[in-house]
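Spelled out, the chains give:
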Amino acid sequence: MWCFDPTARWQLTHTQNSTAKKLKSTDSKILEMLLLHQGHVVSKKELENAAWPGRFVSKSSLTQSIAQLRFALGDSGREQKIIKTLPKQGYMLVSNVMMINAQPKPAQAPVVVAPVQAEEQSDLSSQNTQIIPNNPESTHSCVSSSPGISRIQWCLLLLLSISLIMSSYWLTVMIYKNNHIVREKWQQTSYQGVRYFFEPKEQGEQLFNWLKDTYSDNLRMLYLSKNLEQLYVSCTYLSGSLKERKVTNMSFIHNFSPEDIKRAIREQCQ
């Protein structure tokens, strides 16, 4: 059974599974009118006046609102197990399928309750739907108008919590490792006014011995390193009359000779 509260943010709440639905204001007014006269036919004109007072709307506006209400209630135009369509008369909310939490305001104009013709009664009977007269006691208060948290929401909340915990764990591990990593300091040696930086290994010493030379007075520092494929040189120097400090990075494949690399340093780092 559905609980309807026209004043709540989520107007529809299912009393068994706590499924909550939010309605448009016009749809809510139409449902409120149908619920006030459940078990009886409410004319289309009265529903239009309730939803769009003093406004001219197309016939499709009411049809679309009824379709939206049926969809929210798990009904359809084919089944019509909750909201019935009575041709040339109006619509009817089946009795005992919905409760109301707040007493709806009475309509300013009297609602024209159209009698159900015999032919239409037989059509309704064929759908195993009984039209029960309106009973004021059926519009009693709901137990709760606030939507509950569904299982899907609980699962999403659990997954989000696990993700936050895992992220915090890995962040802590990364910070710990970063603070406890022993960083290898590069060896520094000055030669002919240039400071050389290279790895404290045999290949670092070899690079220094290959490339140490007399360079331009503007050259200040040379960083030397290599891997299995290339040799890397980064030079820091003072450029132009303003003596701006600049950095140039270069890479060479291993078939370059030391003289070729020195020539490139002299051309690029000045």
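Notes on the structure in this doc start here. Since the model is a prediction, treat every value here as computed from it, not as a measurement.

**As for the layout of surface pockets**
In this structure, the second largest pocket encloses a volume near 270 Å³. Looking at the lining of the second largest pocket, the elements with two or more residues in it are helix 2 (44–51) and helix 3 (59–72). No other element matches the 4 residues that helix 2 contributes to the lining of the second largest pocket. For the lining of the second largest pocket, a count of residues per class yields 5 nonpolar, 3 polar and 5 charged.

**Describing the packing of aromatic side chains**
The tally for this structure, following the rule as stated, stands at 5 aromatic pairs. With a centroid separation of 5.1 Å and an interplanar angle of 75°, the aromatic rings of Tyr196 and Phe208 are classed as edge-to-face. Linking Tyr196 in strand 9 (residues 194–198) with Phe208 in helix 6 (residues 202–211), this pair joins segments that are 12 residues apart in sequence. For Tyr196, a relative accessible area of 0% puts it in the buried group. Note on Phe197 and Tyr223: the rings are 4.5 Å apart at their centroids and 10° apart in plane angle, and the pair reads as stacked. Residue Phe197 is located in strand 9, and its partner Tyr223 is located in strand 10 (residues 219–226); the two are separated by 26 residues in the primary sequence. When its relative accessible area of 31% is taken as the criterion, Tyr223 is described as partly exposed. An aromatic cluster of three or more residues is present, and its members are Tyr196, Phe198 and Phe208.

Cut-offs applied
- Residues numbered from 1 in each chain as written.
- Predicted model: local features only at pLDDT ≥ 70, side-chain atom pairs only at ≥ 80, totals over all residues.
- Heavy atoms only, no water.
- 1 Å grid on protein atoms, 1.4 Å probe; cavity = no way out; pocket = protein on both sides within 12 Å on 5 of 7 lines; lining within 4 Å.
- Points joined across faces, edges and corners; volume = space filled by probe spheres on them.
- Helix = DSSP H or I, 4+ residues; strand = E, 2+ residues; numbered from the N terminus.
- Nonpolar A, V, L, I, M, F, W, Y, C, P; charged D, E, K, R; others polar.
- Phe/Tyr/Trp six-rings, centres within 6.5 Å; stacked < 30°, edge-to-face > 60°.
- Buried < 20%, exposed > 50% of the residue type's maximum accessible area, 1.4 Å probe, protein only.

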